[in-house]
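Coordinate analysis (summary)
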2 protein chains.
Amino acid sequence: MTTIKDRRTIRKFKKEDVSDHLLNNLIETAARAATMGNMQLYSVIITKDEKVKEELAPLHFNQPMIKAPVVLTFCADFNRFTKWCEYRDAAPGYDNFLSFINAMSDTLLFTQNFCTLAEEEGLGTCYLGTTVYNPEEIIRVLNMPKLTFPIATICVGWPDESPNQTDRLPLEGIIHQNTYKDYDEQSLNEIYAHKESLKENKEFVEINKKATLAQVFTDCRYTKKDNEAMSEGMVKALKSQGFL
Amino acid sequence: MTTIKDRRTIRKFKKEDVSDHLLNNLIETAARAATMGNMQLYSVIITKDEKVKEELAPLHFNQPMIKAPVVLTFCADFNRFTKWCEYRDAAPGYDNFLSFINAMSDTLLFTQNFCTLAEEEGLGTCYLGTTVYNPEEIIRVLNMPKLTFPIATICVGWPDESPNQTDRLPLEGIIHQNTYKDYDEQSLNEIYAHKESLKENKEFVEINKKATLAQVFTDCRYTKKDNEAMSEGMVKALKSQGFL
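Residues numbered from 1 in each chain as written. Chains lettered and ligands numbered in written order. Predicted model: local features only at pLDDT ≥ 70, side-chain atom pairs only at ≥ 80, totals over all residues. Heavy atoms only, no water.

**So, the pattern of salt bridges**
Residue and element names in this part refer to chain A. Tallying each qualifying case throughout the model produces 27 salt bridges over all chains. The closest approach of N and O atoms between R80 and D77, which form a salt bridge, is 4.0 Å. In this pair, the class of R80 matches that of D77, namely buried. Between K195 and D167 there is a salt bridge, and its shortest N-O distance comes to 3.0 Å. In this pair, K195 sits in helix α7 (residues 185–197) while D167 sits in the loop between β4 (148–157) and β5 (175–177), placing the two residues 28 residues apart along the sequence. For the pair formed by K195 and D167, the shared burial category is buried. Here the salt bridges do not stand alone but share partners, grouping D17, D20 and K48 into one network. (Salt bridge = Lys/Arg side-chain N within 4 Å of Asp/Glu carboxyl O. Buried < 20%, exposed > 50% of the residue type's maximum accessible area, 1.4 Å probe, protein only. Helix = DSSP H or I, 4+ residues; strand = E, 2+ residues; numbered from the N terminus.)

Laid out in structure tokens, this is it:
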């Protein structure tokens, strides 16, 4: 419980390698995660080669974490299962959206298991959400076939920093009893009060010359325009990978 | 590491309740999972009420696990964040497909953390993949607003069985070095040899009167026809929830 309770994202890593032995052990154990019909609808691409990392870097907006000793791209994968079916006189039907959702689910459970196990060994991890921003280019660089899709990139290495833990919403903000109880102004005021009161968030508002913290998100960090453009990119990539 | 290494899905639970104190503690700790821009794009609906469980049961094909003491529906949730933005003079742009993918990712990392923590406490969990088969009906029963979407259902309770661990593909079957190396007949033969050799899988083929294990999947368990119908249902629900 302590590993998860105390976790922080690590963005600075020592140069020291992570051994293949340890890495393989962690990946193998992570695969104990629940998986749809035991199909294991995922693959993980282990990138240690500097040239491949350099090709990936701009696709992740040149975030420095991509220079970590190990970059893992966790992929939804119905390619392996589909090919196996074809060699076994079975007619696979996994070139559709539901199959993508199933494979994405399998992949993320496996990914989170990996992160917990890695952190338990003292490794640091950083989840790059940018993986779904540029899927088509990542697919090209990593030579991914149809019925695969990059879902999560995890940078892994030995920590070279010990950052403070970030805040989380109070429990009442994320749970609902029996059915969903929608939020109103008062409940939102309570749920977001702590976050809005934090010094670093107030500075964030000031630096960005905004009136509220929410505006930093909507106007600077995650804008409607960017989201809509990237949604189109996702749909296009899902089509070209055979899932739509 | 042992908790994850030894895990099994539990489908039979004791009648004994899981205390709110323990459950809340597990959920709160699970929320330490990485989350996109610290937005925590999820909610969890805790269902202990028998009437609500009865309404959910047919939507999960009446699998008996739904009678577990606790049924948790983990939901992608951009509703809370969007409403907060609206009350803070910010113009949210999260009614699109990328935002759904981001929220689904957050939700599954949180879900897997919860499962690991629950299992570490001795609880049993069962992941119901059926959640995305009937999203529209689950949305109705759980009274879920726009910009939320049910992603994973976890049945939780104290184990009343100790099943054998299921098989997994060998590590070589799921990892790739630097870039994706596609599978050929020989590599698939090697990767699937153990699975195909298992007594229970051979019986599975026989009972279903099929020629290969793959045919049990394609013809009985996960058919093209079902997948295509459910893909349509998913797309329809994503539209009505405002994500497409």
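The rest of the description comes next.
**As for the packing of helix α2 (residues 20–30) of chain B against helix α5 (residues 97–120) of chain B**
Residues and elements named next belong to chain B. In the contact formed by α2 and α5, the axes pass within 8 Å of each other and the chain directions differ by 135°. Considering the angle they form, α2 stands oblique to α5. Along this stretch, α2 crosses α5, giving a crossing that reads as right-handed. Contacts between α2 and α5 pair L23, L26, I27, T29 and A30 from the former with F110, N113, F114, L117 and A118 from the latter. Among the residues making up the contact of α2 with α5, the classes are represented as 8 nonpolar, 2 polar and no charged. (Axes fitted to C-alpha atoms, helices over the stretch in contact; angles between N-to-C directions. Parallel < 35°, antiparallel > 145°, perpendicular 65-115°, else oblique. Left-handed = near helix turned anticlockwise from the far one by under 90°. Contact = heavy atoms within 4.5 Å. Nonpolar A, V, L, I, M, F, W, Y, C, P; charged D, E, K, R; others polar.)

**Side note on the interface of chain A and chain B**
Listed by partner, the interface residues are 111 residues for chain A and 111 residues for chain B. Together chain A and chain B conceal approximately 10500 Å² of surface at their shared face, both sides included; 60% is due to carbon and sulfur atoms. In terms of surface lost to chain B, no three residues of chain A exceed M1, R32 and Y180 of chain A, which account for 9% of the buried area on that side. A salt bridge links R88 of chain B to E196 of chain A, with the nearest nitrogen and oxygen atoms 2.6 Å apart. Between the two partners, chain A and chain B, sit 74 residue pairs in polar contact (both at pLDDT 80 or more). Among the residues making up the side of chain A that touches chain B, the classes are represented as 55 nonpolar, 32 polar and 24 charged. As defined by bridge partners, strand β1 (residues 42–47) of chain A adjoins strand β5 (residues 175–177) of chain B across 3 bridges and the pair is classed as parallel. Each residue of the ladder has a partner; that of I45 of chain A, found in β5 of chain B, is H176 of chain B. (Buried area = accessible area lost by both parts, 1.4 Å probe. Polar contact = N/O pair within 3.5 Å; in protein donor to acceptor, adjacent residues only side chain to side chain. Pairing = 2+ DSSP bridges.)

**Looking at the side chain of T223 of chain B**
All names here are of chain B. Mapped onto the secondary structure, T223 falls in the loop between α9 (213–221) and α10 (224–240). Owing to a relative accessible area of 14%, T223 belongs among the buried residues under this scheme. Within polar-contact distance, the side chain of T223 engages the backbone nitrogen of D226 at 3.1 Å. What T223 contacts, discounting residues up to four positions off in sequence, is F217 and T218.

**Some words on helix α9 (residues 213–221) of chain A**
Along α9 of chain A, the residues classified as buried are L213, A214, Q215, V216, F217 and T218 of chain A. Of the surrounding elements, those touching the buried residues of α9 of chain A are α7, α8 (199–207) and α10 (224–240) of chain A together with α4 (79–87) of chain B.

**Re the sheet that holds strand β3 (residues 124–128) of chain A**
On the basis of which strands lie adjacent, the open sheet formed by 5 strands has the order β3(A)-β4(A)-β2(A)-β1(A)-β5(B) and mixed pairing. The open sheet has two edge strands with one neighbour each: β3 of chain A together with β5 of chain B. Going across the sheet, the axis of each strand differs from the next one's by a mean of 25°, ignoring polarity. Bridge analysis of β1 of chain A against strand β2 (residues 70–77) of chain A gives 6 bridges, and the strand direction is antiparallel. Its bridge partner lying in β2 of chain A, I45 of chain A is registered against T73 of chain A.

**Description of unusual backbone geometry**
With a phi angle near 55°, N38 of chain A is a residue other than glycine that sits in the positive phi range. Its location among the elements puts N38 of chain A in the loop between α2 (20–30) and β1. The class of N38 of chain A is buried, set by a relative accessible area of 15%. Positive phi, close to 65°, is recorded for L147 of chain B, a residue that is not glycine. Structurally, L147 of chain B is set in the loop between α6 (135–141) and β4 (148–157).

Functional significance is not addressed by these values, which are geometric in nature.
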